[in-house]
Amino acid sequence: RTVLLKPVSVCSCLLQDIASRRKDLIRNEFSETKALIEERENQTLKVIADEEKRVCNKFDFIYGVLGSKKNEIQSLRDQIEMALTEDDDVLFLKRAAALQRTLTKDAFVPAIEMDQNLIHSTYQSAINLKDIVKLAVTQCPEKTVEGTVSRGELAFSALALITSRGPLQPEGVRDCVVSMQGFFPTGLTLFSSADTAPTTGTVNAAAAAAAKELIDSFLKKSREELLQYAANITLDYNTAHNKVILSERYTKMSVSDTPLHYNHHPQRFTDCSQVLGFQCFKRGIHYWEVELQQNNFCGIGICYGSMARQGPESRLGRNSSSWCIEWFNSKISSWHNDVEKCLPSVKATKIGVLLHCEGGFVIFMAVGQKHNLIYKFKTQFTEALYPAFWVFSSGTVLSLC
């Protein structure tokens, strides 16, 4: 009996030893997974902290500019009061003439806020990571068909890709799905023999039909409904060409007959009399309106921030980075990538622009007209988009509503 029990005891010890080792390996794997997720969390929080610091630094800079402007105004006020107390008429006139030659410029105070696109993308990235982890840990155990990959393996593979990407990227999960090809072992495919991979033609046709339906749904909306997506647009002084006059709190633009000698800025247009909006959009639906006081030579559109600022390719619609409609004398055209398409004449004096970033389209509408569609562009936007404007003829005035 004793002889028989000894092998059982040895087997029991071996089993315990193997189980202990397996537990240690599993603990190490979970520890590594936790460390990866914590690292991801720290990266995300650092992005937000850096953005907060950037905004605070801007506030400090503007506070200093406004302090200097306050001192300048106070000094001018003291000079005026001193001139008013002058008894000698000749000295009074001299001081008054000197004060008239004193130039004062308004302090440029841009809108300062945290980058909402960045905040949203970091939050969405955290949600995507959570969903992938949840899929991996909550799925029921399932048999893997030979030559296929289970959902759990797919989820953990995606998690491994995401956590190895390094710095945070807004479209992390979507990029992972695209880059899964080549990740699976030889012989494994994403579809089992019982599944059927969708054909490219079917997917493209369905996507085109869905896009058309989405665009049509917005064309049917009333102006009141579109105003729910209203964006508050102001013009960016640092992009304005030297002959573009900005007024009414950077919401109105016109053309000067003489150069205005703006300060040099790398974002400023040097050849085309154009200006961009201060706000940019990478996600969501946005709508704004532009009033045309005289529409002889002007253009309204959108562009990437990377669009050229000098040379003929910096003109709206003459490159692959911008889309616009343009009034050239009595002719109306759409422009993109230096391709012009002539459009029917429109009598509207107010133009609505609807941008759908995820939908990949921008629509130009004649506000107040029964058949209000002027033109629509459909594409896949790859960068943040800025409202863009071209004014050329003297007397042409565009105003943001």
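Residues numbered from 1 in each chain as written. Predicted model: local features only at pLDDT ≥ 70, side-chain atom pairs only at ≥ 80, totals over all residues. Heavy atoms only, no water.

As a reminder of what qualifies: UniProt positions are given in the numbering used here, feature names are shortened, and annotations may be inferred rather than shown by experiment.
Going by an unreviewed UniProt entry, the chain carries the name RING-type E3 ubiquitin transferase and comes from Fulmarus glacialis. One UniProt comment on the chain, placed under Pathway (unreviewed entry), says "Protein modification; protein ubiquitination." Its UniProt record gives the chain a comment under Catalytic activity (unreviewed entry), which states: "S-ubiquitinyl-[E2 ubiquitin-conjugating enzyme]-L-cysteine + [acceptor protein]-L-lysine = [E2 ubiquitin-conjugating enzyme]-L-cysteine + N(6)-ubiquitinyl-[acceptor protein]-L-lysine."

Some words on the overall build of the chain
What counts is decided by this rule: Secondary structure elements are taken from DSSP: a helix is a run of H or I of four residues or more, a strand is a run of E of two residues or more, and numbering for both begins at the N terminus. Think of it in three bands: residues with accessible area under 20% of the maximum for their type are buried, residues over 50% are exposed, and the middle band is partly exposed, with areas taken using a 1.4 Å probe on protein chains only. Contacts are assigned to residue pairs that have any heavy atoms within 4.5 Å of one another. Note on areas: Shrake-Rupley with a 1.4 Å probe; residue coverage comes only from the protein chains shown.
From N to C terminus, the chain includes seven helices and 13 strands. Residues classed as buried in the chain amount to 34% of the 401 residues present. Nonlocal contacts in the chain, meaning residues at least 24 apart in sequence, comprise 64% of its contacts between residues at least 6 apart. Carbon together with sulfur atoms contributes 56% to the accessible area of the chain, which is approximately 25100 Å² in total.

A closer look at the nonpolar core
This is how it is decided: Remark: nonpolar core denotes a set of buried residues (Ala, Val, Leu, Ile, Met, Phe, Trp, Tyr, Cys) joined through side-chain atoms within 4.5 Å.
Counting residues in each nonpolar core, the largest one holds 42 residues, and the members touching the most others are Met253, Trp288, Ile300, Leu355, Ile374, Phe389 and Leu398. Examining the composition of this core, we find that four residues originate from one element, strand S5 (residues 297–304), more than from any other. Discounting chain neighbours no more than four positions away, the residues touching Leu355 are Phe281, Gly284, Ile285, His286, Trp288, Ile302, Phe361, Val362, Phe381 and Leu385. The next biggest cluster of nonpolar side chains, apart from the first, holds 10 residues, and it includes Leu276, Phe297, Leu316 and Trp335.

Points about the packing of aromatic side chains
Selection criterion: Only centres within 6.5 Å qualify two rings of Phe, Tyr or Trp (six-membered ring in Trp) as a pair; their planes then separate them into stacked at under 30 degrees, edge-to-face at over 60, and tilted for everything else. Two thresholds decide whether a charge sits over a ring: the Lys NZ or Arg CZ must be within 6 Å of the ring centre and within 35 degrees of the ring normal.
One pass over the structure, following the stated rule, counts 11 aromatic pairs. A ring pair is formed by Trp323 and Phe381, whose centres lie 5.3 Å apart and whose planes are at 90 degrees; its orientation type is edge-to-face. Of the two residues, Trp323 sits in strand S6 (residues 322–328) while Phe381 sits in the loop between strand S11 (373–378) and strand S12 (385–391), which places them 58 residues apart along the sequence. You'll find Trp323 and Phe381 in the same group, each marked buried. Aromatic ring contacts, followed pair by pair, group Phe297, Phe328, Trp390 and Phe392 into a single cluster. Here Arg309 stacks its cationic end above the ring of Phe269, 5.1 Å away from the centre of that ring. Over the aromatic face of Trp335 sits the side chain of Arg318, whose NZ or CZ is 3.6 Å from the ring centroid.

Overview of the sheet that holds strand S8 (residues 339–343)
Stated precisely, the cut-off is as follows: Note: two strands are recorded as paired if DSSP finds a minimum of 2 bridges between them. Helix axes are fitted only over the stretch in contact, all axes being lines through C-alpha atoms; the angle between N-to-C directions runs from 0 to 180 degrees.
Here six strands make up an open sheet; going across it, the order is S3-S12-S5-S6-S7-S8 and the pairing antiparallel. Every interior strand has two partners, whereas the edge strands, strand S3 (274–276) and S8, have only one. Strand-to-strand twist in this sheet, taken as the mean axis angle between neighbours without regard to direction, amounts to 20 degrees. Relative to strand S7 (residues 331–336), S6 is paired through six bridges, and the arrangement is antiparallel. Bridging from a neighbouring strand, Trp327 pairs with Ile332 of S7.

Examining the pattern of salt bridges
For clarity, the cut-off: Should a side-chain nitrogen of Lys or Arg be within 4 Å of a carboxyl oxygen of Asp or Glu, the pair is scored as a salt bridge.
In the structure shown here, the tally under the stated rule is 12 salt bridges. Ionic pairing is found between Arg21 and Asp17, a salt bridge with its closest N-O pair at 3.2 Å. In this pair, Arg21 and Asp17 are both assigned in helix H1 (residues 2–84), four residues apart and thus about one turn of the helix distant. Between Asp50 and Lys46 there is a salt bridge, with its nearest N and O atoms 2.9 Å apart. Here Lys46 and Asp50 lie together in helix H1, a separation of four residues that amounts to about one turn.

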